[in-house]
Amino acid sequence: MYICPLCRQPLQLTGRQYGCASRHSFDLAKEGYVNLLPVQQKNSKDPGDNKLMIEARRAFLQSAAYQPLSDAVNKLVLQANPAKILDLGCGEGYYSGRLQQALSPAAGLCGIDISKAAIKYAARHYPDIRFAVASAYQLPFADNSFDSVIRIYAPSDNPELQRVLKPQGRLISVNPGPNHLVEMKQAVYREVKLHSDVIKEEPGLVHTQRQQLSYRLAITEPQQLDNLLQMVPLAWKFSSESRQAFVAATQSISIDFLLDVYQLSEATAISPPTV
Ligand SMILES: C[S@@+](CC[C@H](N)C(=O)[O-])C[C@H]1O[C@@H](n2cnc3c(N)ncnc32)[C@H](O)[C@@H]1O
Ligand SMILES: [Zn+2]
């Protein structure tokens, strides 16, 4: 299923090691994931989200605050009854884990993230999903591998998406809607700029569905809001005083997600290799 990140030939698993015909090898970690991110593809020593961000996100997601999003993603994925699915930039696997429970046992789910700490956590908690440390810009998968790719707040590379999707394959993309966490913005900006709701173009893919998911999240305890602040890029705009005041004063917050479905257009599908 995996291809070698160095020479792009297929990888075979022998014992606890993946190897290609050119003898590049990658060990299966004790947690069950494989690191397919060669140093050449790293832009820093420890790329992606760090342990602190991951712990905060984990604690926040465990509070079920974004469970409606996870349910909506699962519904969209299941519409097409996919056999092979990739969670791109899966973080510590919250959405993959809930999706796995909703899928038929025959379906295969993979997750990649550039953060080793996130993948380590994901592999430990969801042993039935295949996780790899890898870059979204150079995916370690063969052409035409997936029926569905989910991308929740994660970066991607359009040619790579087109390459790994099967003909008719679908991308399910989640981004913030205009009012997402607007109260947080109001606390730090004089003039609030809302997120755009323009449908992003994905060359080679056709947009087929848009769903907006909006609700007010009641804050159950200050720690929950503190965790949410830790997860978002806006957090650094707060001073420690303004952050404390915001946490103390906020009882609920606007949640607004845009879910978009795209399908690989016939014209761009890579023909499967002829045998
Ligand atoms: C905002 S988080 C979203 C994580 C997860 N999808 C969720 O919603 O809980 C973005 C994720 O993208 C990962 N990431 C950043 N750059 C990446 C890259 N070039 N390739 C793969 N993952 C990347 C980060 O490590 C992080 O886990
Ligand atoms: Zn190789």
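Preceding block: the structure.
Draft legend 1. The site of ligand 1, seen in detail. Around ligand 1, a shell composed of 18 residues is seen, among which Asp49, Gly89, Asp113, Ala136 and Ile152 lie nearest. Here aspartate 113 contributes a side-chain N or O atom positioned 2.6 Å from an oxygen atom of ligand 1. In this structure, a nitrogen atom belonging to ligand 1 sits 3.3 Å away from a main-chain N or O atom of isoleucine 114. Residue composition of the shell around ligand 1, grouped by class: 10 nonpolar, five polar and three charged.

Draft legend 2. Seen up close, the nonpolar core. Counting 50 residues, the largest nonpolar core has Tyr66, Met184 and Ile253 as its most contacted members. Methionine 184 has contacts with Leu228, Leu229, Val232, Leu234, Phe238, Phe246 and Ile253, leaving out every residue within four places of it along the chain. Grouped together as the second largest cluster of nonpolar side chains are 27 residues, Cys4, Val34, Ala134 and Ala136 included.

Draft legend 3. Representation of the pairing of strand β9 (residues 165-176) within the structure. Alignment of strand β8 (residues 146-152) against β9, held across six bridges, turns out to be parallel. Residue arginine 151 lies in a different strand from β9, and its bridge partner there is serine 173. When β9 meets strand β11 (residues 252-264), the two strands line up antiparallel, connected through seven bridges. Within β11, the position partnered with asparagine 175 by the bridge is leucine 258.

Draft legend 4. Local environment of the packing of aromatic side chains. All told, the structure shown has eight aromatic pairs when counted by the stated rule. Note on tyrosine 94 and tyrosine 95: the rings are 4.9 Å apart at their centroids and 80 degrees apart in plane angle, and the pair reads as edge-to-face. A single burial state applies to tyrosine 94 and to tyrosine 95, both of which are buried. With a centroid separation of 4.9 Å and an interplanar angle of 85 degrees, the aromatic rings of phenylalanine 141 and phenylalanine 146 are classed as edge-to-face. Judged on exposure class, the residue phenylalanine 141 and its partner phenylalanine 146 are both buried. Linked through ring pairs, Tyr2, Tyr18, Phe141 and Phe146 together constitute an aromatic cluster.

Draft legend 5. Summary view of the coordination of the zinc ion (ligand 2). Those donors, Cys4 (SG), Cys7 (SG), Cys20 (SG) and His24 (ND1), are the protein atoms that reach the zinc ion (ligand 2), and they lie 2.1 to 2.3 Å from it. Geometry at the zinc ion (ligand 2) is tetrahedral, judged from the four donor atoms that bind it and their angles of 101 to 117 degrees at the metal. Sequence spacing of the donors to the zinc ion (ligand 2): C-x2-C-x12-C-x3-H. Residue cysteine 7 is found in the segment before β1 (12-14), and its partner cysteine 20 is found in the loop between β2 (17-19) and β3 (25-27); the two are separated by 13 residues along the sequence. A residue is classified by how much of its surface remains accessible, and cysteine 7, at 25% relative accessible area, is partly exposed. A residue is classified by how much of its surface remains accessible, and cysteine 20, at 11% relative accessible area, is buried.

Draft legend 6. The pattern of salt bridges, seen in detail. One pass over the full model with this rule turns up 13 salt bridges. Between arginine 243 and aspartate 226 there is a salt bridge, and its shortest N-O distance comes to 3.3 Å. Placement of arginine 243 in helix α8 (residues 240-249) and of aspartate 226 in helix α7 (residues 222-231) is noted, with a sequence separation of 17 residues between them. Owing to a relative accessible area of 27%, aspartate 226 belongs among the partly exposed residues under this scheme. Linked through salt bridges whose partners overlap, the residues forming this network are Arg8, Asp143, Glu160 and Arg163.

Definitions and cut-offs
Residues numbered from 1 in each chain as written. Chains lettered and ligands numbered in written order. Predicted model: local features only at pLDDT ≥ 70, side-chain atom pairs only at ≥ 80, totals over all residues. Heavy atoms only, no water. Near = heavy atom within 4 Å. Polar contact = N/O pair within 3.5 Å; in protein donor to acceptor, adjacent residues only side chain to side chain. Nonpolar A, V, L, I, M, F, W, Y, C, P; charged D, E, K, R; others polar. Core = buried A, V, L, I, M, F, W, Y, C linked by side-chain atoms within 4.5 Å. Buried < 20%, exposed > 50% of the residue type's maximum accessible area, 1.4 Å probe, protein only. Contact = heavy atoms within 4.5 Å. Pairing = 2+ DSSP bridges. Helix = DSSP H or I, 4+ residues; strand = E, 2+ residues; numbered from the N terminus. Phe/Tyr/Trp six-rings, centres within 6.5 Å; stacked < 30°, edge-to-face > 60°. Donors = N, O, S within 2.8 Å, 3.2 Å for Na, K, Ca; no water. Tetrahedral: all angles 85-135°; square planar, octahedral: opposite > 155°, others 65-115°. Salt bridge = Lys/Arg side-chain N within 4 Å of Asp/Glu carboxyl O.

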